[in-house]
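Summary of the model geometry
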Amino acid sequence: MRRRDVILWAAGAAAAARPRRAAAAAAPARKRVAILMSTAERDPHELSSVAAFVEGLAKRGWVEGRNLEVLVRWGAADPARIAANSREIVALAPDAILAKGATIPSARDATRTIPIVFVVTSDDAVQAWVRRFARPVGNLTGFSSPEQQLVGKRLQLLREAAPGVKRGLYLWNRRLGVENGRATLSRIVADAAAAGFTLAAAAVDSDAEIGGAIEGFAREPDGGHIVAFNAFTTTRRSA
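Residues numbered from 1 in each chain as written. Predicted model: local features only at pLDDT ≥ 70, side-chain atom pairs only at ≥ 80, totals over all residues. Heavy atoms only, no water.

What to know about the overall build of the protein chain
- Helices and strands together make up the secondary structure of the protein chain, namely 10 helices and 8 strands.
- Within the span of the protein chain, comprising 239 residues, buried residues form 41% of the whole. (Helix = DSSP H or I, 4+ residues; strand = E, 2+ residues; numbered from the N terminus. Buried < 20%, exposed > 50% of the residue type's maximum accessible area, 1.4 Å probe, protein only.)

Details of the sheet that holds strand E7 (residues 198-203)
- Read across the sheet, 3 strands follow the order E7-E6-E8 without closing on themselves; strand pairing throughout is parallel. Of all the strands in the sheet, just E7 and strand E8 (223-227) have a single pairing partner and so form its edges. Averaged over all pairs of adjacent strands, the angle between strand axes in this sheet comes to 25°, irrespective of strand direction.
- Relative to E8, strand E6 (residues 167-172) is paired through 5 bridges, and the arrangement is parallel. Residue pairing in the sheet places Tyr170 in a bridge with Ile226 of E8.
- In this fold helix H9 (residues 207-217) packs onto E6, E7 and E8, with an angle of close to 170° to the strand it touches most, E6. (Pairing = 2+ DSSP bridges. Axes fitted to C-alpha atoms, helices over the stretch in contact; angles between N-to-C directions. Contact = heavy atoms within 4.5 Å.)

Considerations on helix H4 (residues 79-91)
- The end-to-end C-alpha separation of H4 is 19 Å, in line with the 18 Å expected for 13 residues at 1.5 Å each.
- Of the surrounding elements, those touching the buried residues of H4 are strand E1 (31-37), strand E2 (68-74), strand E3 (96-100) and helix H5 (104-110).
- One side-chain oxygen at the N-terminal end of H4 lies 3.0 Å from the backbone nitrogen of Ala80; it belongs to Asp78.
- Of the residues flanking the end of H4, it is Ala93, one or two places downstream, whose phi is positive at about 55°. (Expected span 1.5 Å × (residues − 1). Polar contact = N/O pair within 3.5 Å; in protein donor to acceptor, adjacent residues only side chain to side chain.)

Regarding the sheet that holds E2
- One open sheet accounts for 5 strands, arranged E2-E1-E3-E4-E5; its pairing is parallel. Two strands lie at the open edges of the sheet, namely E2 and strand E5 (140-142), each paired on one side alone. Taking the axes of each pair of neighbouring strands and ignoring which way they run, one obtains an average angle of 25° across the sheet.
- Bridge count for strand E4 (residues 116-119) against E5 is 3 bridges, and the pairing is parallel. Note on E5: the bridge partner recorded for Val117 is Thr141.
- Those strands touched by H4 are E1, E2 and E3, and its axis lies near 160° from that of E2.

Structural notes on the nonpolar core
- With 15 residues, the main nonpolar core has Ile89, Ile97, Ile104, Ile116, Phe118 and Leu140 as its most contacted residues.
- Mapped onto this core, the elements with two or more residues apiece are E1, H4, E3, H5, E4 and helix H6 (123-130). (Core = buried A, V, L, I, M, F, W, Y, C linked by side-chain atoms within 4.5 Å.)

Section: the confidence of the model for the protein chain
- Confidence along the protein chain averages 81 in pLDDT terms, with 79% of residues attaining 70 or more.
- By mean pLDDT, helix H2 (residues 20-25) is the weakest element of the protein chain at 45, and E2 is the strongest at 98. (pLDDT = per-residue confidence, 0-100.)

Considerations on the packing of aromatic side chains
- If you walk through the whole model with that rule in mind, you get 0 aromatic pairs.
- A cation over an aromatic ring shows up here: Arg167 above the ring of Phe217, its NZ or CZ 4.0 Å from the ring centre. (Phe/Tyr/Trp six-rings, centres within 6.5 Å; stacked < 30°, edge-to-face > 60°. Lys NZ or Arg CZ within 6 Å of the ring centre and 35° of its normal.)

Examining the side chain of Asn67
- By the element assignment, Asn67 lies in the loop between helix H3 (44-59) and E2.
- Reaching out from Asn67, the side chain makes a polar contact with the backbone nitrogen of Val63 at a distance of 2.8 Å.

Thoughts on H9
- Within the sequence span of H9, burial applies to Ile210, Ala213 and Phe217. Looking straight down H9, one finds that the buried residues subtend no more than 70° of arc, so they occupy a single side. Residues of H9 that are exposed and point more than 90 degrees away from the buried face comprise Ala208 and Glu215.
- Tucked into the core, H9 has its buried residues touching E6, E7, E8 and helix H10 (231-234). (Arc of directions from axis to C-beta.)

Thoughts on unusual backbone geometry
- One non-glycine residue, Ala76, lies in positive phi territory at about 50°.
- Mapped onto the elements, Ala76 comes out in the loop between E2 and H4.
- Residue Ala76 is classed as partly exposed on the basis of its relative accessible area, which comes to 25%.
- Positive phi is not limited to glycine here, since Ala77 has a value of about 60°.
- Residue position: Ala77 is located in the loop between E2 and H4.
- Residue Ala77 is classed as buried on the basis of its relative accessible area, which comes to 3%.

Printed below as a string of structure tokens:
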């Protein structure tokens, strides 16, 4: 399966030559695409991401309610809910699935045949599945996140914002995006050492653990906060 075969499936196909009357009545076959979100439906940014995707399909001739059905499921950073959503969606037999972040493993576990396009994950997290990004093996393809490559830049921005910062606290979650989180943690440890930071890492699984980790870290001066980019932290931006 080639990357373009999956990503560009919604571009449509040329109609075969047929009489004008029949052609006028013809319409593209109705498609069903599913979107698995790892975050919460109340988040305006996440809602706008889904809307932008649907709008992009419409620009390519696939209009929701006309020749396209869009199924959206929200995981709200809950692993059990994310897994249940994947099973439900696969049972509905969509033509393709867009899987975001922490939904990718459960989507892959639920089907090895329905095409899955993934977004917001690292190369390390999906390398074993796709093997080669140019010509993926299996039913997964998509776009990786540059988060690991931007770790050094985030540390630089932190120092520019607060030149006195000498220590960093990195928060990550044990339940969601584990492969991505560990890979990014390894990268940030190395980059922090190179930048002269003392780094403390805290794995947090609840709002209380977030508060406890930050309060404990804040007892010493010259500290700054670095947050992993995943569904757990995204849904708790104000926690």
